[in-house]
Amino acid sequence: MAQLPRYQRLGLQTRQPGNIDFADTREQARYAQTLSQQLDRMSEFAFKKSAEMAVERGQERVREEGALPTLEAIEAKGGPRGIAEKAAVEAANRIAVVEIETLATADMQALTIEADKTNMSMPAYQAALADINDGYKASLAVVDPVAAGVLGARLQGKTSDYNNRYSEIAFRKAKAAMAQRVNDTVSTRSKAIVDGATAPGIGSTESGIEAAVTELVQAQIDLGVGQKTANKVATSTLKVAIKENRIYQFNEAAGINEKRFLLEKYKEKPLPGVSYSENLNFVNRLEANLASEIATGQRETVDYINNNATIAMQTGAPSPDFALDEDKIFGLFGEEEGQKVIDSWESTMDLVNNVGSLSDMTAEDALSVLSQLNEEIKTSDDAKVAIGRMETFRQALVDKTTALENDAAKYVISTNKEISESLAEVQTSINAGNFALASSELAFVFDQIQTKYEQTGVPEAQRNLMPKGFASGIVTMMDNVDADVATTVFSNIGNNLGDKYANKFISELRDAGLAPEYVRSMYLQDDDRIQLELATVSRMNVEDLKKNIPTTTASDFNEIITTEPQLVEYQEAYLKGGDNGGLLIVNEQLEVVKKVAMWRMRNGADAKEAFNSALNDIIPDYKQTVSDETGTYVVPIGLSELDVKQNVQLLKQDDALKAAFDIYGFDIRRSVTVPDFVDEAIAFTSLADYGQFVNNSTGDGLELHYDDEGTPIPTGFIIKFEDLGAVVDRVYSSFSGGRETLRLMRMAQNEGRVLSGGITGGAGDYFTPSTVEADPIVSPEEGFAAEGKIFADDFNEASN
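This structure is a prediction, so every number in the text was calculated from the model and none was measured.

Thresholds, definitions, all that
Residues numbered from 1 in each chain as written. Predicted model: local features only at pLDDT ≥ 70, side-chain atom pairs only at ≥ 80, totals over all residues. Heavy atoms only, no water. Helix = DSSP H or I, 4+ residues; strand = E, 2+ residues; numbered from the N terminus. Buried < 20%, exposed > 50% of the residue type's maximum accessible area, 1.4 Å probe, protein only. Contact = heavy atoms within 4.5 Å. Areas by Shrake-Rupley, 256 points an atom, 1.4 Å probe, with all protein chains shown as cover. Salt bridge = Lys/Arg side-chain N within 4 Å of Asp/Glu carboxyl O. Patch = residues over 30% accessible without salt bridge, like charges linked within 9 Å, V, L, I, M, F, W, Y side chains within 5 Å. Lys, Arg positive; Asp, Glu negative; His and termini not counted. Charge placed at Lys NZ, Arg CZ, Asp CG, Glu CD. Core = buried A, V, L, I, M, F, W, Y, C linked by side-chain atoms within 4.5 Å. Polar contact = N/O pair within 3.5 Å; in protein donor to acceptor, adjacent residues only side chain to side chain. Phe/Tyr/Trp six-rings, centres within 6.5 Å; stacked < 30°, edge-to-face > 60°. Lys NZ or Arg CZ within 6 Å of the ring centre and 35° of its normal. Axes fitted to C-alpha atoms, helices over the stretch in contact; angles between N-to-C directions. Parallel < 35°, antiparallel > 145°, perpendicular 65-115°, else oblique. Nonpolar A, V, L, I, M, F, W, Y, C, P; charged D, E, K, R; others polar. Pairing = 2+ DSSP bridges.

Novice: How would you summarise the overall build of the protein chain if you had to cite specific residues and measurements?
Specialist: Looking only at helices and strands, the protein chain has 29 helices and 5 strands in total. Split into buried and exposed, the 800 residues of the protein chain put 42% on the buried side. Taking as baseline every contact in the protein chain between residues at least 6 positions apart, the subset at least 24 positions apart corresponds to 64%. On the protein chain, roughly 42500 Å² of surface is accessible, and the fraction owed to carbon and sulfur atoms is 52%.

Novice: Which residues make up the pattern of salt bridges, and what are the values?
Specialist: A full pass over the atoms with the stated rule returns 23 salt bridges. Between Glu591 and Lys594 there is a salt bridge, and its shortest N-O distance comes to 3.4 Å. In this pair, Glu591 and Lys594 both sit in helix H22 (residues 580-601), 3 residues apart, roughly one turn of the helix. With relative accessibility at 17%, the residue Lys594 sits in the buried group. Among the charged side chains, a salt-bridge network with shared partners connects Arg529, Glu533, Arg600 and Asp617.

Novice: Summarise a negative patch on the surface; cite the residues concerned and give the values.
Specialist: Taken together, the side chains of Asp325, Glu326, Asp327, Asp343 and Glu346 present a region of like negative charge at the surface. Structurally, the position occupied by Glu326 is in helix H10 (residues 326-355). Exposure remark for Glu326: the relative accessible area of 37% places this residue in the partly exposed category.

Novice: How would you summarise the nonpolar core if you had to cite specific residues and measurements?
Specialist: Residues Ile209, Tyr266, Leu358 and Phe393 are the most contacted members of the largest nonpolar core, which totals 53 residues. For this core, the secondary-structure elements that each account for two or more residues are helix H5 (145-196), helix H6 (206-222), helix H7 (227-251), helix H8 (256-268), helix H9 (276-315), H10, helix H11 (363-379) and helix H12 (383-414). Per element, the largest residue contribution to this core is 10 residues, and it comes from H10. Beyond its immediate sequence surroundings of up to four residues, Leu358 is in contact with Met313, Gln314, Ala366, Phe393, Ala396, Leu397, Lys400 and Tyr411.

Novice: Provide a residue-level description of the side chain of Thr715, including the pertinent values.
Specialist: Its place among the elements puts Thr715 in strand S5 (residues 711-720). Taking the relative accessible area as the measure of exposure, Thr715 reaches 2% and is therefore buried. A polar atom in the side chain of Thr715 sits 2.7 Å from the backbone oxygen of Leu704. At 3.1 Å, the side chain of Thr715 forms a polar contact with the backbone nitrogen of Phe717.

Novice: Can you lay out the packing of aromatic side chains for me, pointing to particular residues and giving the numbers?
Specialist: Applying the stated rule across the entire model yields 9 aromatic pairs. Taking 6.4 Å as the distance between ring centres and 40 degrees as the angle between the ring planes, the aromatic pair formed by Tyr266 and Phe282 counts as tilted. Taken together, the positions of Tyr266 in helix H8 and Phe282 in helix H9 put the pair 16 residues apart, joining distant regions of the chain. A centroid spacing of 4.5 Å and a plane angle of 40 degrees characterise the contact between Phe322 and Trp345, whose relative ring orientation is tilted. Linking Phe322 in the loop between H9 and H10 with Trp345 in helix H10, this pair joins segments that are 23 residues apart in sequence. Judged by its relative accessible area of 15%, Phe322 is buried. The buried category is assigned to Trp345, whose relative accessible area is 7%. Each member of the aromatic cluster is reached from another via a ring pair, and the members are Phe661, Tyr664, Phe684 and Phe717. One Lys or Arg, Arg165, reaches over the ring of Tyr162 and ends 4.5 Å from the middle of that ring. A cation over a ring is seen here: Lys259 above Phe250, with NZ or CZ 5.2 Å from the ring centre.

Novice: Could you give an account of the packing of H12 against helix H14 (residues 435-456), with specific residues and numbers?
Specialist: Two elements in contact, H12 and H14, have axes separated by 10 Å at closest approach and are oriented at 95 degrees. When the axis of H12 is compared with that of H14, the two are roughly perpendicular. Of the residues in H14, those in contact with Ala408, Ala409, Val412 and Ile413 of H12 are Ile449, Lys452 and Tyr453.

Novice: Please set out the packing of helix H20 (residues 553-563) against helix H21 (residues 565-575) residue by residue, giving values where relevant.
Specialist: Look at H20 against H21: their axes get within 5 Å of each other, and the N-to-C directions meet at 70 degrees. Taken together, H20 and H21 sit at an angle that is classed as roughly perpendicular. In this structure, H20 contributes Ile560, Ile561, Thr562 and Thr563 to the contact, and H21 contributes Pro565, Leu567, Val568 and Gln571. In the contact of H20 with H21, the residues fall into 5 nonpolar, 3 polar and no charged.

Novice: Which residues make up the sheet that holds strand S1 (residues 625-628), and what values do they have?
Specialist: Read from one edge of the open sheet, 5 strands run S1-S2-S3-S4-S5, paired in mixed fashion. Each having just a single partner strand, S1 and S5 make up the two edges of the open sheet. Direction aside, the axes of adjacent strands within the sheet are offset by 25 degrees on average. Inspection of the sheet shows S1 paired to strand S2 (residues 631-634) by 4 bridges, in the antiparallel sense. Bridging from a neighbouring strand, Asp628 pairs with Gly631 of S2. Against the sheet, helix H24 (residues 641-651) touches S1, S2, strand S3 (692-695), strand S4 (701-708) and S5, its axis set at about 35 degrees to S1. Its contacts with the sheet put helix H26 (residues 680-690) on S3, S4 and S5, and the angle it makes with S4 is roughly 105 degrees.

This is how it looks when you write it as structure tokens:
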């Protein structure tokens, strides 16, 4: 630096000028320094703030994206760069440990629940738990081994906790399962002992049961059951098993005596494990059961013997499978009473062997046997036995009479093996659908039954063609076949039964409930068209038929019914006897006509045309109404109105009526008559002069009525149309010269002369009842069935 010049004056040192103070520069420098310091501080603050913000951004990222996703994303870019990512990694590591631990804990909980449900084994559970631990630990080891280590330590603690928890669960379940197995084993073996007590074999004896119970005690001890508990179970099992065994042995005992022996044994050796009163009640119940069994057995045995006695009396032998078990009888009744039962049966069979089967006897024969048995009572050494024999026969006679009244055909078939087998063949043919063969076979069965009727003198009024049950079976079959099959059945029946049986067959089917349309169809066997039409409308109801036809149809029909003279006369004839059965038949017939008429109106016919055509087709016999001095009645289609009318005139003579009553076994004293009736001869005269024949309730015959000042009173005497001619021939054949008389009387009828009462118009020369000397009736056994019942009833009353 250049030296400033020095000036000196007068010996004085020249004053040097001082350093120049550049204050502004200095201030500028100081300001700059201060500013720099401030900038440094500001820069430091800004950097620090920026770092804090970066940390917050890193933490925010973790909150938004999640710890594991953030770590995975940063690791994918090669690691953290910058404060934010480093902060994110640091925060994520801390949070990831917690998150993964939470997820792992949830999985451990779910595993424990599932293991409990499925009874997972402990090793399998531990392996699954280790998989959860290792898996979650590995998921963090990739991004932060340190954090993974922390997580592993924490998960190891959780794993140990859950291992302990499931171990307790498994132990409790294993303990319960063991207890259940023990219980099941004991229960099964106990039940086997009880079940074996009621099964054949060694296990069903009391010693066998006791041995099995001893084995049960040891089995329980082997399973870990205490001695006390094992003994308690064994005692309970023994008590039940012995009780069940005693009941079983009692029920399976061979007879009454063996049961009595068991009861004594049970009294001596009470049931194990029960009180005295309990054992007494047990024995008393068995004794009551035995008493009831004895009473039932006695009743059943008596019924069994009596039923076979009845069969033997009726047919000559008991049922083929009958066996007299004497040991059983003695067991039930004791020695004394049992011998009486056996003696009674042997007495019955001795009677049967002596007199034969009642089903083959006429009424006269049966009365003769009854009279002989009555006489034996007076001379027998043992009157009580003789009375019993007579009572057995009398009861059998009453049974036969009752059976004939209820269902004569059923009685004949039940007491005749050959006829029963023939009827079974008919049923076989029907089941096979071979109706032509069935109807032919049925005609043969009817012939057999009628022959039996003739041989044994069954009254005409009781002679049905077939058992009522068989008729019901045919009706059921007809109801279930198609219309075309039904018409085939009708034709086969008509062709094979013929006039001899057809009308009676139809009548019995009507009684069994055959549809009215089918009843009329069977009377019209020669018209297939009408039969098919009737079969068709039988399946339809009136409401369906009324659809689409005029509403005035009903009134049109009623007008014809109430105004057509012949139809009105026809209805009056049916109803004259006052029998509701006649009213039902007429109503059924008219309903059938209405249904067919409505069916035909569908084809364009008007009401009157349709009704009249149906009436002529369905009830052609409405024009065959007879109304004269002999009565008012309708002759069924297929029979000659003139022949019926003439035969009724021939029958309506007092001696002829009496002979007819004898043929039918009909006792006029027991008929419904006027209250003051006392004399038989007067009754026959009154019937011959004023009696009226009217249709019976089924329309297949005539019933004779008294005429009480215009009011008909039924006598109960009925004769069927198909029997009328044969009965007239038999009646006149029973008189001396009767056949010639009959020929002359029929000649007089054909010449137009009227026969009645005293037989006017010159016919009296041919037949004068008061001068006819009657010969014995050709078949004297006829009519004795009813007399037999009267005799038996009177004798019974006298005995009492």
